[in-house]
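# Survey of secondary and tertiary structure
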Amino acid sequence: MRGLKLLAFCFLSSTACAQATGPSAPVLNQTFSTRISSLTVSTENLTGISKSGSADLIYALRLDTQRQNPSMPEEFGGLSSLNVRTIEDDTIVFDALTDQGHLARFAAPNPMTWGTAARPVASEVQLTTLTDAADNPLRGANQIDSEGLAPTDTGFLISFERNHRLIELIKTDKGYTTKAGPSLSGYEGLEPNGGMEALTRLPNGQYLASAEYGPDRPGDPAAKLQAPYWIFDQNSKAVTAPLGSFENQGRFGITDIRVLDDEVWVLKRSYDTTTKVNLSRLETCSLSSVLSGKPVCTLKLALSPPFMMDNYEGLAVMKDPQSGARLVFILSDDNFSADQGTYLLAFRLDAPASPATSSPGATP
């Protein structure tokens, strides 16, 4: 396919594949290959999977980072958010973010042809460093922690935690330019590492952003369990306050959010101090209830040991045009740690008894 490829052409070192502005300048754009490993994991007769309705694991993949392959760029890893860019034959191209201030684009197998197509061994990755309005690379932990990603007609909106804010990434013939995004309020009390975590585009063209947790208020532990969310226009100059909040049962916090038709899909994570792993759960909320400021949500999928666990922070959802089922992808953030992995899981949820017959197409 054009652009990103499975079985990528660039097997040289990251230095040879990188494009920089000078010998000592930061690497703004890099193209390299990552190995894809197919993992043997099945949900059949396996505890650790809870679900409402049917749920089938289509595949579990690992993408190599420098922790598995030292010749790869150290900037690749720590992935959060996930957006389906295009679907072409046996391949899906995804956009994601690193929490070190990069836009990462990579290809993965199409679940609709998994099992009939040749299994890939590698994917081309395009890594773009995020910049400020003056085209300087973002610097410092308070500036680079990009977490939420949503497409616009001309590029992307990106949310950041620590320094809670939105930026707009605009595609040009020379790459991307950056400008400040819409102004939001209501960050007061949000933890630096628990803020603007999730961002998605709504069917009406507006945007939905959510914090990971609610504010940390002394003497009010329940406040942290109410994660505020905002609904706003892309070009809004007026400051927008939170419309409502998502309820975080227990210690779960929101890590990504996506909208498909009349459903809002919410990915949550909680660190289990007993097992020392991150638990994950996936919920769906009616879009109408979210728009009214009072979300009504139900559990769709919960993952816990002994199922393969990690720090899942990316979520993408699309409809299988052949069956009418929901295809759900979750992506893990390896925290740039050798003890964790960059995993991409694909599930098929709630296939109807009578399969749909429409033909596949591309997503925005």
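This structure is a prediction, so every number in the text was calculated from the model and none was measured.

## A look at the nonpolar core
The nonpolar side chains of soluble globular proteins are, as a tendency, buried together. By size, the foremost hydrophobic cluster in this structure holds 29 residues, and its most contacted members are Tyr-59, Phe-76, Leu-82, Phe-94, Phe-106, Phe-329 and Leu-344. Leaving out residues up to four positions away in the same chain, Phe-329 has contacts with Tyr-59, Leu-82, Ile-92, Phe-94, Pro-111, Gly-314, Leu-315, Ala-316, Met-318, Leu-344, Leu-345 and Ala-346. Grouped together as the second largest cluster of nonpolar side chains are 21 residues, Trp-265, Leu-301, Val-328 and Tyr-343 included.

## A word on the pattern of salt bridges
Side-chain pairs of opposite charge can arise whenever the charged atoms involved come near each other. The tally for this structure, following the rule as stated, stands at 18 salt bridges. For Arg-62, the salt bridge goes to Asp-64, with nearest N and O atoms at 3.7 Å. For Arg-62, a relative accessible area of 22% corresponds to the partly exposed category. Of the residues examined, Asp-64 reaches a relative accessible area of 2% and is grouped as buried. Taken together, the shared-partner salt bridges connect Asp-261, Glu-263, Lys-319 and Arg-326 into one network.

## A closer look at the sheet that holds strand S10 (residues 155-160)
Strand order in the open sheet formed by four strands is S9-S10-S11-S12, with antiparallel pairing between adjacent strands. Every other strand in the sheet has two partners, leaving strand S9 (146-151) and strand S12 (175-180) as the edge strands with one partner each. Strand-to-strand twist of the sheet, defined as the mean angle between neighbouring strand axes without regard to direction, takes the value 25°. Relative to S10, S9 runs antiparallel, the two sharing five bridges. Looking at S10, one finds that Ala-150 is bridged to Leu-157.

## Some details on the pairing of strand S2 (residues 27-38)
Relative to strand S8 (residues 122-129), S2 is paired through seven bridges, and the arrangement is antiparallel. The residue bridging Thr-31 from the neighbouring strand is Gln-126, located in S8.

## Structural notes on the packing of aromatic side chains
One pass over the structure, following the stated rule, counts eight aromatic pairs. Each ring, one from Phe-94 and one from Phe-329, has its centre 5.1 Å from the other, and the planes form 70°; the classification is edge-to-face. Of this pair, Phe-94 sits in strand S6 (residues 91-98) while Phe-329 is found in strand S22 (residues 326-332), placing the two residues 235 residues apart along the sequence. Centroid distance Phe-156 to Tyr-176: 6.5 Å. Interplanar angle 45°. Geometry classified as tilted. One end of the pair, Phe-156, is in strand S10; the other, Tyr-176, is in strand S12, and 20 residues separate them in sequence. With relative accessibility at 18%, the residue Tyr-176 sits in the buried group. Of the aromatic side chains, those joined through ring pairs into one cluster are Phe-94, Phe-106 and Phe-329. For Arg-165, the ring lying beneath its charged end belongs to Phe-160, and the centroid distance is 4.0 Å.

## Observations concerning the environment of Lys-300
Its location among the elements puts Lys-300 in strand S20 (residues 297-303). Along the chain, Lys-300 and Ser-54 lie 246 residues apart, while their C-alpha atoms are 9.2 Å from each other.

## A word on the sheet that holds strand S16 (residues 244-247)
Read across the sheet, four strands follow the order S13-S14-S15-S16 without closing on themselves; strand pairing throughout is antiparallel. Edge positions in the sheet fall to strand S13 (196-201) and S16, since each of these pairs with one other strand and no more. Strand-to-strand twist of the sheet, defined as the mean angle between neighbouring strand axes without regard to direction, takes the value 25°. Judged from the four bridges that link them, strand S14 (residues 207-211) and strand S15 (residues 226-232) form a sheet pairing that is antiparallel. From the neighbouring strand, Ser-210 faces S15, where its bridge partner is Tyr-229.

## Observations concerning the environment of Ser-236
With respect to the helices and strands, the residue Ser-236 is situated in the loop between S15 and S16. Relative accessible area serves as the criterion here: at 17%, Ser-236 is assigned to the buried category. Along the sequence, Ser-236 and Gly-181 sit 55 residues apart, while their C-alpha atoms lie 8.4 Å from each other. Excluding residues that lie within four positions of it along the chain, Ser-236 makes contacts with Pro-182 and Ser-183. At 3.3 Å, the side chain of Ser-236 forms a polar contact with the backbone oxygen of Ala-238.

## Remarks on the side chain of Asp-310
On the secondary structure map, Asp-310 appears in the loop between S20 and strand S21 (312-319). A polar atom in the side chain of Asp-310 sits 2.9 Å from the side chain of Gln-340. In this structure the side chain of Asp-310 is engaged in a polar contact, spanning 3.2 Å, whose partner is the backbone nitrogen of Gly-341. In contact with Asp-310, not counting residues within four places along its chain, are Asn-278, Ser-280, Ser-332, Asp-333, Gln-340, Gly-341 and Tyr-343.

## Let's talk about the confidence of the model for the protein chain
Looking at the protein chain as a whole, its pLDDT mean stands at 85, while 85% of the residues score no less than 70. The least confident element of the protein chain is helix H1 (residues 14-17), whose mean pLDDT is 37; the most confident is helix H3 (residues 287-291), at 98. When the criterion is pLDDT under 50, residues 7-24 qualifies, and its contacts beyond four places in sequence or with other chains add up to 33 contacts. Taken together, the stretch residues 355-364 has pLDDT below 50 and engages in 22 contacts with residues farther than four places along the chain or on a different chain.

Parameters at a glance
Residues numbered from 1 in each chain as written. Predicted model: local features only at pLDDT ≥ 70, side-chain atom pairs only at ≥ 80, totals over all residues. Heavy atoms only, no water. Core = buried A, V, L, I, M, F, W, Y, C linked by side-chain atoms within 4.5 Å. Buried < 20%, exposed > 50% of the residue type's maximum accessible area, 1.4 Å probe, protein only. Contact = heavy atoms within 4.5 Å. Salt bridge = Lys/Arg side-chain N within 4 Å of Asp/Glu carboxyl O. Pairing = 2+ DSSP bridges. Helix = DSSP H or I, 4+ residues; strand = E, 2+ residues; numbered from the N terminus. Axes fitted to C-alpha atoms, helices over the stretch in contact; angles between N-to-C directions. Phe/Tyr/Trp six-rings, centres within 6.5 Å; stacked < 30°, edge-to-face > 60°. Lys NZ or Arg CZ within 6 Å of the ring centre and 35° of its normal. Polar contact = N/O pair within 3.5 Å; in protein donor to acceptor, adjacent residues only side chain to side chain. pLDDT = per-residue confidence, 0-100.

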